[in-house]
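Observations on chain architecture
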Amino acid sequence: MAGRTHRVSRGWWTVLAAVLVFVVAPLVIWGARTWIDWLWFADLGQSTVFVTRLVSEFVTGVVFAAITFVFLFVNMRIARRMAPRVFAVGSPEPNPATEQIRYFAEQLRSRFGPVLDQAVLWGSAVLAFFVGLDMASHWETFRLALSAVPFGYNDPQFNKDVGFFVFQLPALDLLYSWLVGILVLTFVLTIFVHVVDGAVQPWARLKGFAPHVKAHLSVLMAFFVLALGFGYWLDIWKLDFSQTGQIIGAGYTDVHAQFPAYVILIVISALVAVGLLLNIRYKGWRLPIISVSAWVVASILLGWAWPAAVQAFIVAPNEAAAEAPYIERNITMTRLAFNLTDVKGTTFAADESLTATDVVSDPTTLSNVRLWDPAIVGQSFAQLQSIRPYYEFTDVDVDRYTINGVAQQVLVSAREMNSSMLASQAQTWVNQHLVYTHGYGLVMSPVNGADSRGMPTFIIGDVPPKTTTDLKTEQPRIYFGEATTDYAIVDTGIKEFDYPEGDANAYYEYDGTGGVAIGSPLRRLAWALNLGSSQVIFSNYVKSDSRVLLRRDLKSRLNALAPWLTYDKDPYPVLVNGRIQWVIDAYTTAEWFPYSEGLPTAPDIRYMRNSVKVTVDAFNGETKFYAFDEEDPVLQAWRKVFPSLVLDGSQVPEELAEHFRYPEDLFSAQAEIYRTYHMTDARVFYNKEDQWEIPGVHQNAAMQPFFVFMTLPGQTKQHFYMMQPFTPRNRDNMIGWMAVNCDPDGYGERTVYLFPKERVVLGPSQVSARINQDAVISPQLSLWSQRGSQVIFGNMLVIPIKNSIVYIQPLYLQAEQTALPELTRVIVVYAEKVEMESTLQAALLKVFGQAAGSGSTPTTGTPGASSGSSADLGAAQKLYNDAIAAQKAGDWATYGDKIKQLGDLLSKLAGQETTAAAK
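Residues numbered from 1 in each chain as written. Predicted model: local features only at pLDDT ≥ 70, side-chain atom pairs only at ≥ 80, totals over all residues. Heavy atoms only, no water.

With that settled, consider the packing of aromatic side chains. Using the criterion set out here, one finds 53 aromatic pairs in the structure. Seen in terms of ring centroids, Phe-709 and Phe-720 are 5.2 Å apart; in terms of plane orientation they differ by 50°. Their pairing is tilted. Taken together, the positions of Phe-709 in strand 20 (residues 706–710) and Phe-720 in strand 21 (residues 719–728) put the pair 11 residues apart, joining distant regions of the chain. Since its relative accessible area comes to 0%, Phe-720 is described here as buried. Above the ring of Phe-660, the side-chain terminus of Lys-613 is found at 5.3 Å from the ring centroid. (Phe/Tyr/Trp six-rings, centres within 6.5 Å; stacked < 30°, edge-to-face > 60°. Helix = DSSP H or I, 4+ residues; strand = E, 2+ residues; numbered from the N terminus. Buried < 20%, exposed > 50% of the residue type's maximum accessible area, 1.4 Å probe, protein only. Lys NZ or Arg CZ within 6 Å of the ring centre and 35° of its normal.)

Shown next as structure tokens:
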């Protein structure tokens, strides 16, 4: 007896341990994380976002779990209540197969029969729980459907507002998948209960079903067929996303065969469901077998054979004409989905009449040509500005600043802390989370500045930040950034490392507003569970008023706050009023936009808008979402769900808006779509006669968009643009380029400039080939490569000046022993000339002659030039030379003054020429 009691006791302890490990512990950890999340959202002023998300997820899961439980439990309880009192075990036609089935059924009955009621209850509950858990993860789909707003324009096939397809159809499709799954699961489990109860005797085949079982299963099958009819109804709407033809969207076959087939199948499904219900009153299975067989045959003939025949015998022989109306729909909707309807198109002469005067008269463009590639200069930043091994530059970004009164394109990067780069002995919990908590300062350099060694010059550099310009860094500390992934605890009993200072270090005590207090002992325990560290509990440095800085990397921070947005892959830091702010472009996207082509790199994105700009303060972590495209229906719907999260665009500070750029990911996506969808004629589109490509350069890598300061043809004001050249498909010559304005004045205006088709304009790969084949350059490249150095070609830049195209490519040398590239040469290609010199200025002078450098009057071909232009041009060249010299020396005050004087002189020159021409 004692032994048995011991065994029972040990069994209960085993059960208790299992409950603690698999039930209680996960619940405690989940509760701790939920509590900490609540505190974190509240600290950011977004507690309503947390509550809305949690309640939405909970309600979605509970509703679907409850319906699932009721449906499963009720059907299995019905089966139990109608179970026969006697379990027949005989087999009408004994044979080995039927006997084996009968034996298996008997085993099921003996094992599950005594506990079947409990199994039905708890089995239904467990299955419903997991179904609810799965559906809860789709809460965003259902909330968006309930918050739908109209797009204001209709799809071309059904003339229904696009909002139905974007918002409601995904939810209906998800509902259909759940419904079919639950019906199948219920059907299987109900049969299982009937088998255990003896109401179904599978060894007797169709004769082994009790009358009540046939009625029960007939009702379930009727529901299932009706659900499939609902699926056919959804399939009608989903024809707008058909891929049977050349384009996305309903084509000829879909409209003339597939659509009527679905209508007929809906009617057949309803009739089959009626037949299954009528079968309750009749004996045997003849009616349901005939009904289901007819439905299967109709599904094959109508759903597959008829559309296939129409496609093969009607569409294929006349596809261009048959599909033309539907191709036009696809073109219209795709351009609408990617906001390409207002792209302006114009011609660009791409002539070869550029002169030295033209070059001198456009100093801002040429003084802002990006000679340093961000990927390459990043290595120089790491070598020259890391200061210590634990500092890290994630990437280098392009921006523009007004420096000493002059607009200038710059490269900027944030010096972040990477505590994993500390010496292995120093990688303690205290050091990684309490001491080495933050990065320090921005590094900024001009896009074309290089010293006599070929190294980048710095507008802002060193630690603490130093500059000779009017850009001041008042708060350089970076607690939040791209690569700052560890949590930090501040206001502790130990000072934080601030920056290296000679042989010693400077220390700091965080005085910002970010972070959540450790709080009470219970909250401290929650923090320990959330952070996975017992040190939070036992460290004497951590006090109740210490604060935890959580989700310090931008990616996890933004995804926690607004996972429904898609974020640009390249956040960039800006210096505003002496503080470092991160700017992140955010997109609203949609998969269910009718008749729209998806992105080649992301086929599920068929609609895209840069509707939100996000800023994160690098010191406090303050995160703000600004509505940048308030007319976007997707954003409007989400703002109904989270009314307090996204601020009005009018609240963006002006000094911050000046640094907003047109996002590169969006521009690349639009350029990728536009290379095909600039063709608006259906026949031309069908034949792909004028399809473009993104040009490839070195190793056939696609040419990336690049920024440039310039004045577009026909305009008088200079702007900061992003450009993307195009080449024809399967050809290397350039056919045109797209530019988008990145300045607040005219932001987002896109223009496509097309070259004359009657002559060839060399493309980037052809220019690259000319450089490699040049009789002077090629031997020099070979010589450098043999001296233990690696020759690195920078990005090929296509720079429009006046009505001409100038190709500029920087050249770097990098020794095998170091990762420090040097800007050693600049190659300029124009018309038939290919020149390589140590500076851009020298290469330009060599290409365009000595007139601009000697002070003599260049041959411009412009009648009526004033007699004083020679002296003016000489003075202009001197000012330009002085500005470049000041830039190389890092004297930004002199640089700004010289550029301003040059601009005044050129304005005077332009006025003289205008007066002379008028006479």
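Let us look at the environment of Met-135. Looking at the secondary structure, you find Met-135 in helix 4 (residues 116–136). Separated by 39 residues in sequence, Met-135 and Leu-174 have C-alpha atoms that sit 8.8 Å apart. Aside from chain neighbours lying at most four places away, what touches Met-135 is Thr-60, Phe-64, Phe-142, Leu-174 and Trp-178. (Contact = heavy atoms within 4.5 Å.)

Time to look at the sheet that holds strand 11 (residues 516–517). Read across the sheet, 3 strands follow the order 8-12-11 without closing on themselves; strand pairing throughout is antiparallel. Strands at the two margins of the open sheet, each flanked by one partner only, are strand 8 (488–490) and strand 11. By the bridge criterion, 3 bridges tie strand 8 to strand 12 (residues 547–549) in an arrangement that is antiparallel. Bridged to Val-490 within strand 12 is Arg-547. (Pairing = 2+ DSSP bridges.)

For the rest of this paragraph, the subject is the packing of helix 10 (residues 319–337) against helix 20 (residues 664–677). Interhelical geometry of helix 10 versus helix 20 gives an angle of 160° and a closest axis separation of 11 Å. In this view, helix 10 runs roughly antiparallel relative to helix 20, as classed from their interaxial angle. Crossing handedness for the pair helix 10 and helix 20: left-handed. Together, Asn-330, Ile-331, Thr-334 and Arg-335 of helix 10 and Ile-673, Tyr-674 and Tyr-677 of helix 20 make up the contact between the two elements. (Axes fitted to C-alpha atoms, helices over the stretch in contact; angles between N-to-C directions. Parallel < 35°, antiparallel > 145°, perpendicular 65-115°, else oblique. Left-handed = near helix turned anticlockwise from the far one by under 90°.)

Turning our attention to empty space enclosed by the protein. Under the counting rule described, the total for this entry stands at 4 cavities of 30 Å³ or more. Taken as a whole, the second largest cavity spans an internal volume of roughly 40 Å³. Around the second largest cavity sit Trp-40, Asp-43, Phe-480, Gly-514, Gly-515, Val-548, Leu-549, Leu-550 and Arg-557, which together line it. Of all the secondary-structure elements, those providing two or more residues to the lining of the second largest cavity are helix 1 (2–43) and strand 12. Residue classes in the lining of the second largest cavity are distributed as 5 nonpolar, 2 polar and 2 charged. (1 Å grid on protein atoms, 1.4 Å probe; cavity = no way out; pocket = protein on both sides within 12 Å on 5 of 7 lines; lining within 4 Å. Points joined across faces, edges and corners; volume = space filled by probe spheres on them. Nonpolar A, V, L, I, M, F, W, Y, C, P; charged D, E, K, R; others polar.)

Counting buried residues along strand 17 (residues 623–627), 4 of its 5 residues qualify, which places the element largely inside the surrounding structure. Sheet topology note: the strand 16 (residues 607–617)/strand 17 ladder contains 5 bridges and is antiparallel. Bridge pairing in strand 17 places Lys-613 opposite Tyr-626. Linking two consecutive strands that pair antiparallel, namely strand 16 and strand 17, is a turn of 5 residues; a positive phi of about 80° is found at Gly-621 within it. Read from strand 17 through helix 18 (residues 633–641) to strand 18 (residues 646–647), the crossover connection turns out right-handed. (Right-handed = clockwise from strand over helix to strand, strands pointing away.)

Grouped together as the largest cluster of nonpolar side chains are 220 residues, with contacts concentrated most on Phe-625 and Trp-737. The dominant element in this core, judged by the number of residues it contributes, is helix 6 (residues 162–197), at 9 residues. One finds Met-417, Leu-422, Val-435 and Ala-506 within the second-largest nonpolar core, a separate group that totals 11 residues. (Core = buried A, V, L, I, M, F, W, Y, C linked by side-chain atoms within 4.5 Å.)

Here we come to the side chain of Arg-400. Its location among the elements puts Arg-400 in strand 3 (residues 397–403). Of note is the side chain of Arg-400, whose polar atom sits 3.1 Å from the backbone oxygen of Glu-658. At 3.0 Å, the side chain of Arg-400 forms a polar contact with the backbone oxygen of Phe-660. Arg-400 has contacts with Gln-408, Gln-409, Val-410, Glu-658, His-659, Phe-660, Arg-661, Phe-709, Phe-720, Cys-742, Asp-743 and Pro-744, leaving out every residue within four places of it along the chain. (Polar contact = N/O pair within 3.5 Å; in protein donor to acceptor, adjacent residues only side chain to side chain.)

One pass over the structure, following the stated rule, counts 22 salt bridges. Among the ionic pairs, Asp-37 bridges to Arg-551, the shortest N-O distance being 2.8 Å. Of the two residues, Asp-37 sits in helix 1 while Arg-551 sits in the loop between strand 12 and helix 17 (554–561), which places them 514 residues apart along the sequence. A salt bridge links Arg-661 to Asp-570; the shortest N-O distance between them is 3.9 Å. Of this pair, Arg-661 sits in the loop between helix 19 (654–657) and helix 20 while Asp-570 sits in the loop between strand 13 (566–567) and strand 14 (572–576), and the two are 91 residues apart along the sequence. For the pair Arg-661 and Asp-570, one class covers both residues: buried. Three or more residues are tied together by salt bridges with common partners; here these are Asp-173, Asp-235 and Lys-238. (Salt bridge = Lys/Arg side-chain N within 4 Å of Asp/Glu carboxyl O.)

This paragraph deals with the pairing of strand 15 (residues 579–590). Counting buried positions over the 12 residues of strand 15 gives 10, a clear majority of the element. Two strands pair when backbone bridges link them, and strand 13 and strand 15 are joined in this way by 2 bridges, in the antiparallel orientation. Note that in strand 15 the partner of Thr-566 across the bridge is Tyr-587. By the bridge criterion, 5 bridges tie strand 14 to strand 15 in an arrangement that is antiparallel. Paired with Leu-575 across the strands is Ile-580, a residue of strand 15. Joining the antiparallel neighbours strand 14 and strand 15 is a turn of 2 residues, in which Asn-577 adopts a positive phi near 55°. Of the pairings in the sheet, the one linking strand 15 to strand 16 comprises 9 bridges and is antiparallel in character. Its bridge partner lying in strand 16, Asp-585 is registered against Lys-613.

Next up on the list: the environment of Thr-347. Positionally, Thr-347 belongs in strand 1 (residues 344–347). When the C-alpha atoms of Thr-347 and Phe-755 are compared, they prove to be 6.0 Å apart, with 408 residues separating the residues in sequence. Beyond its immediate stretch of four places on either side in the chain, Thr-347 contacts Tyr-753 and Leu-754.

Between its first and last C-alpha, helix 20 extends 19 Å over 14 residues, near the 20 Å set by a 1.5 Å rise per residue. Across the 14 residues of helix 20, 12 count as buried, placing the element largely inside the fold. Those residues of helix 20 that fall on the buried side of the exposure criterion are Glu-664, Asp-665, Leu-666, Phe-667, Ala-669, Gln-670, Ala-671, Ile-673, Tyr-674, Arg-675, Thr-676 and Tyr-677. (Expected span 1.5 Å × (residues − 1).)

Of the residues in the protein chain, 85% have a pLDDT of 70 or more, and the chain-wide mean is 85. Contacts from residues 203–208, a stretch scored under 50 in pLDDT, to residues over four places away or in other chains number 14 contacts. Contacts from residues 913–919, a stretch scored under 50 in pLDDT, to residues over four places away or in other chains number 1 contact. (pLDDT = per-residue confidence, 0-100.)

Before going further, it helps to spend a moment on the packing of helix 8 (residues 252–278) against helix 9 (residues 286–315). How two helices pack is summed up by the angle between their axes together with the distance between the axes. Two elements in contact, helix 8 and helix 9, have axes whose closest approach is 9 Å; the angle formed by their N-to-C orientations is 180°. Viewed along their axes, helix 8 and helix 9 adopt a mutual orientation that is roughly antiparallel. Class assignment of the residues belonging to the contact of helix 8 with helix 9 gives a composition of 21 nonpolar, 9 polar and no charged.

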